[in-house]
Amino acid sequence: MTADLVDRLRQVVGPTAAISDPDDMSGYLTDWRGAYRGRAAAVVRPGNTDEVAAVVALCAEAGVGVVPQGGNTGLCGGAVPDLSGRQVVLSLTRMRRVRDLDVANQTITVEAGAVLRSVQEAAAAAGRLFPLSLGAEGSCTIGGNLATNAGGTGVLRYGTMRDLTLGLEVVLPDGRIWNGLRGLRKDNTGYDLKQLFIGAEGSLGVITAAVLKLFPAVRSRATAWVALPDPQAAVDLIGLLRELAGDRLTAFELMSRQSVAFVLRHVPGARDPFGDPHPWYALVELGDALPGADLDGMIESALSEAFERGVARDAVVVAGSAQSAALWTLREGISEAQNHEGPSLKHDVSVPIGRIPSFVERTDRALEDAVPGIRIVAYGHIGDGNLHYNLSKPAGSADDEFQAHADALARVIYDSVAVVDGSISAEHGLGQSKRGIIVDYKDDHELHLMRTVKRLFDPHGVMNPGKLLPDQPGL
Ligand code: FAD
Ligand code: 2HG
Ligand code: ZN
């Protein structure tokens, strides 16, 4: 049965684009962290939308689950198949064309397998900006960005993928193609169906192309690295910057000392801009479409007010791109650096910004009570209320001893999130890692509606079985 299906898939995509040799498949069966491993009947790499449709239709007919995969940089196991060896991984990486760039409409239409950086570059070549920006941008794809509703560092100015998308093309779970590739900013003709596929983690269909918004290119930029006493100071500094710079504030990232200490220890060339350590740091960026805008002046005014109020303890402001890149390394290097310190227990939460200080204080205390000596690697896109509340084992302790606390520690953080009406996943999604625990933190009516939507789109559970919720129909 499976061998027959693999032969038929090969006829659709061609002999070299359907892989079933275990060694050749291995890179598709493990996630970026090596935290999830699966098995598969085959990995197929269609070259166009019709081939995706034919692959999905064949799998649906054979009763075989389809796992969409883009760059495989996801952090919750969503793109990795289960251990049955029956599922088919559908990799979009051959579909990476820019189909259209419409300067008048300020849109770009791209295929789902296009790597995010290549889309940013295509926009820049036309003097425009595609603003989604994240550490994995050299390998993550637009399809994966859409399926996870990716966020990253530009959300406070430009929004998440939901805000950046005007239209989608999707292969539905029975193999039909929905062409919703409209480039309209206004369209009040009923339900906004594209939003159901965005953030669905491949559970409702395979996204094959998208119409995305473009913005004016940023021609002036200033970056600052600021030492702060506590998270309340970060909230105050955001307020000051918004007053002085308005929506020129394009990034505001917060990092605890522990986070930066890991980067200084493990990332070659990383340097502390200050002589002495500080409890918290902010990376601030202002940007403007006008060349020669006095952004340094704006940052400096905000900082001098911040020093006066005791909000900032030290700061460096840089204008050149090399100096700015060095500061961004201190921020973007945290994920990788933490991997050198044993298991990283990841919690990707969001909290209303004003409540972050009390949230951090309460959560840190509860974590330290639960595991004395725990190293809390808290950092993130605080400008939009998103913190990565990641945990590393106490120095010198055993990996498996720490890992045994994983579920209890997750509950400590998520219970604290619930107190402030936050979310247990701000940007990475549920995938495999949170599919069980989400039912304890989401409203029953919402869960019921989500299950109803899934059954409506995918009654036989063809799409990405076993992800998102624990009890979805699935093959
Ligand atoms: P994959 O990992 O391949 O897939 C992710 C999910 O999307 C899976 O459920 C998969 O089934 C589904 N999927 C993939 N393609 C399709 C498709 N065409 N149609 C339907 N479903 C599909 N995320 C952020 O939001 N913000 C960050 O700042 C950020 N920083 C990161 C930094 C690092 C170093 C790393 C490793 C990851 C980071 N991530 C971040 C997480 C990750 O990069 C994003 O989730 C990204 O959007 C995933 O894209 P991908 O192409 O790799 O998707
Ligand atoms: C980031 O903001 C990413 O750097 C990754 O979302 C966070 O590794 C993580 O937990
Ligand atoms: Zn992030």
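Preceding block: the structure.
Draft legend 1. Structural detail: the packing of helix α14 (residues 356-370) against helix α16 (residues 406-419). Where α14 contacts α16, the two axes come as close as 10 Å, and the packing angle between them is 155°. In this view, α14 runs roughly antiparallel relative to α16, as classed from their interaxial angle. Remark: the crossing between α14 and α16 carries right-handed chirality. On α16, the residues that touch Phe359, Arg362, Thr363, Ala366, Leu367 and Ala370 of α14 are Leu409, Val412, Ile413, Ser416, Val417 and Val419.

Draft legend 2. Up close: the coordination of the zinc ion (ligand 3). Binding of the zinc ion (ligand 3) to the protein goes through His381 (NE2), His388 (NE2) and Glu427 (OE), at separations of 1.8 to 2.2 Å. Each donor residue of the zinc ion (ligand 3) belongs to the same chain, with the gaps between them written as H-x6-H-x38-E. In this pair, histidine 381 sits in the loop between β17 (375-380) and β18 (386-392) while glutamate 427 sits in the loop between α16 and α17 (444-457), placing the two residues 46 residues apart along the sequence. No difference in accessibility class separates histidine 381 from glutamate 427, as the two residues are buried.

Draft legend 3. Layout of the sheet that holds strand β15 (residues 314-318). Strand order in this open sheet of seven strands is β15-β12-β14-β13-β17-β18-β16, and the pairing throughout is antiparallel. Each of the sheet's edge strands pairs with one partner strand only, and the pair in question is β15 and β16 (348-350). Between one strand and the next, the sheet's axes are offset by a mean angle of 15°, whatever the strand orientation. Both strand β13 (residues 249-256) and strand β14 (residues 280-288) contribute to a ladder of seven bridges, which runs antiparallel. The partner of alanine 251 across the bridge, within β14, is glutamate 285. α16 contacts β16 and β18 of the sheet and is inclined by roughly 15° relative to β16.

Draft legend 4. Spatial organisation of the site of ligand 1. Around ligand 1 lies a shell of 35 residues, among which Pro68, Gly70, Thr73, Gly74 and Thr141 are the nearest. Take glycine 78: an N or O atom from its main chain is 3.3 Å from an oxygen atom of ligand 1. A distance of 3.3 Å separates an oxygen atom of ligand 1 from a polar backbone atom of glutamate 201. Considering ligand 1 on its own, with 980 Å² of exposed area, one finds that the protein chains cover 95% of that surface.

Procedures and definitions
- Residues numbered from 1 in each chain as written.
- Chains lettered and ligands numbered in written order.
- Predicted model: local features only at pLDDT ≥ 70, side-chain atom pairs only at ≥ 80, totals over all residues.
- Heavy atoms only, no water.
- Axes fitted to C-alpha atoms, helices over the stretch in contact; angles between N-to-C directions.
- Helix = DSSP H or I, 4+ residues; strand = E, 2+ residues; numbered from the N terminus.
- Parallel < 35°, antiparallel > 145°, perpendicular 65-115°, else oblique.
- Left-handed = near helix turned anticlockwise from the far one by under 90°.
- Contact = heavy atoms within 4.5 Å.
- Donors = N, O, S within 2.8 Å, 3.2 Å for Na, K, Ca; no water.
- Buried < 20%, exposed > 50% of the residue type's maximum accessible area, 1.4 Å probe, protein only.
- Pairing = 2+ DSSP bridges.
- Near = heavy atom within 4 Å.
- Polar contact = N/O pair within 3.5 Å; in protein donor to acceptor, adjacent residues only side chain to side chain.
- Areas by Shrake-Rupley, 256 points an atom, 1.4 Å probe, with all protein chains shown as cover.

Keep in mind these numbers describe shape, not what the thing actually does.
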